[in-house]
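Below, each chain spelled out in residue letters.
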Amino acid sequence: MEMETKVTVHDAMTLNVVTIDPKISVAEAAKLMNKIKVGCLVVKSNSKPEGLITESDIIRKVVSKDLKASDITIGQIMTKNLINIEPGRELNEAARLMAKNSIRRLPVVNSGALVGILTSTDVMAVSPELTEILVENARITENQVGYPYGDMPVPGACEACGNFEDYLDEVDGKYLCEECKEDLEGE
């Protein structure tokens, strides 16, 4: 008898998340990121994450505008309205969420409190078969200005038939291939 095991976000996430207060300057945050060799910091002033600051944010929002990093606070440039995930969710769901929203980092939150962070690197290290979802998303995002038909399709395994498809559509919270989507709509 074959037992199916699900890989969860908790199995792959990084537990020791480096956090920073939103009042800290961008210069201080950049020094910290360099010192501990991380590409992002979660911004919080209580137990709940308020935002995220990445190396890319610093380059796009400060350096490219020739602003003085010591005069700008993290709170002024951080990414707000974070998309997050719970530790018990399946890793393939996290990979799809990351691909659909073109993000590489997901704060992991349990009962409103930050308990970890999941990066695309974490996903690839634990579940290499999900790499295809992340790679395909990067390729689609890079070669596409905008998806003309609404939400950007996501590659992966259809949750109804299990076949791997380049394009899955979300229907009632499940990612389905075109054939299964048509079968569902025909019922």
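Parameters and conventions
- Residues numbered from 1 in each chain as written.
- Predicted model: local features only at pLDDT ≥ 70, side-chain atom pairs only at ≥ 80, totals over all residues.
- Heavy atoms only, no water.
- Helix = DSSP H or I, 4+ residues; strand = E, 2+ residues; numbered from the N terminus.
- Buried < 20%, exposed > 50% of the residue type's maximum accessible area, 1.4 Å probe, protein only.
- Contact = heavy atoms within 4.5 Å.
- Areas by Shrake-Rupley, 256 points an atom, 1.4 Å probe, with all protein chains shown as cover.
- Pairing = 2+ DSSP bridges.
- Axes fitted to C-alpha atoms, helices over the stretch in contact; angles between N-to-C directions.
- Salt bridge = Lys/Arg side-chain N within 4 Å of Asp/Glu carboxyl O.

Colleague: How should I be thinking about the overall build of the protein in this particular structure?
Modeller: Assigned secondary structure in the protein consists of eight helices and eight strands. Here the protein holds 187 residues, and 37% of them are scored as buried. Within the protein, contacts between residues separated by at least 24 positions form 48% of all contacts whose residues are at least 6 apart in sequence. Of the roughly 11,300 Å² of accessible surface on the protein, a fraction of 48% belongs to carbon and sulfur atoms.

Colleague: In this structure, what is going on with the sheet that holds strand 2 (residues 40-43)? I would like to understand it.
Modeller: Here three strands make up an open sheet; going across it, the order is 1-2-3 and the pairing mixed. The strands lining the two open edges of the sheet, one partner per strand, are strand 1 (19-20) and strand 3 (51-54). Bridging between strand 1 and strand 2 involves two bridges; their strand directions are parallel. Note that in strand 2 the partner of T19 across the bridge is V42. Running over the sheet, helix 2 (residues 26-36) touches strand 1, strand 2 and strand 3 and is turned about 125 degrees from strand 2.

Colleague: What is the right way to look at the pattern of salt bridges in this model?
Modeller: Opposite charge on two side chains allows them to pair when their charged atoms are near. Applying the stated rule across the entire model yields four salt bridges. A salt bridge links D57 to R60; the shortest N-O distance between them is 3.0 Å. Of this pair, D57 and R60 are both found in helix 3 (residues 55-61), three residues apart, which corresponds to roughly one turn of the helix. Look at R60 and you get partly exposed, because its relative accessible area is 47%. R89 is the salt-bridge partner of E93, the closest N and O atoms lying 2.5 Å from each other. Linked through salt bridges whose partners overlap, the residues forming this network are D57, R60 and K61.

Colleague: Can you help me understand the pairing of strand 4 (residues 105-110) in this one?
Modeller: If a strand is regular, its side chains alternate between the two faces of the sheet. Where burial is concerned, most of strand 4 is hidden: five out of the six residues are buried. With six bridges joining them, strand 4 and strand 5 (residues 113-119) adopt antiparallel strand pairing. By the bridge assignment, R105 is partnered in strand 5 with T119. Between the end of strand 4 and the start of strand 5, which pair antiparallel, lie two residues, with S111 showing a positive phi angle near 55 degrees.

Colleague: Help me out: how do you make sense of helix 5 (residues 91-100) in this one?
Modeller: One full turn of an α-helix is made of 3.6 residues, so residues set three or four places apart face in the same direction. Listing the buried residues of helix 5 in full gives L91, A94, A95, R96, M98 and A99. Positive backbone phi, approximately 50 degrees, marks S102, located one or two places after helix 5.

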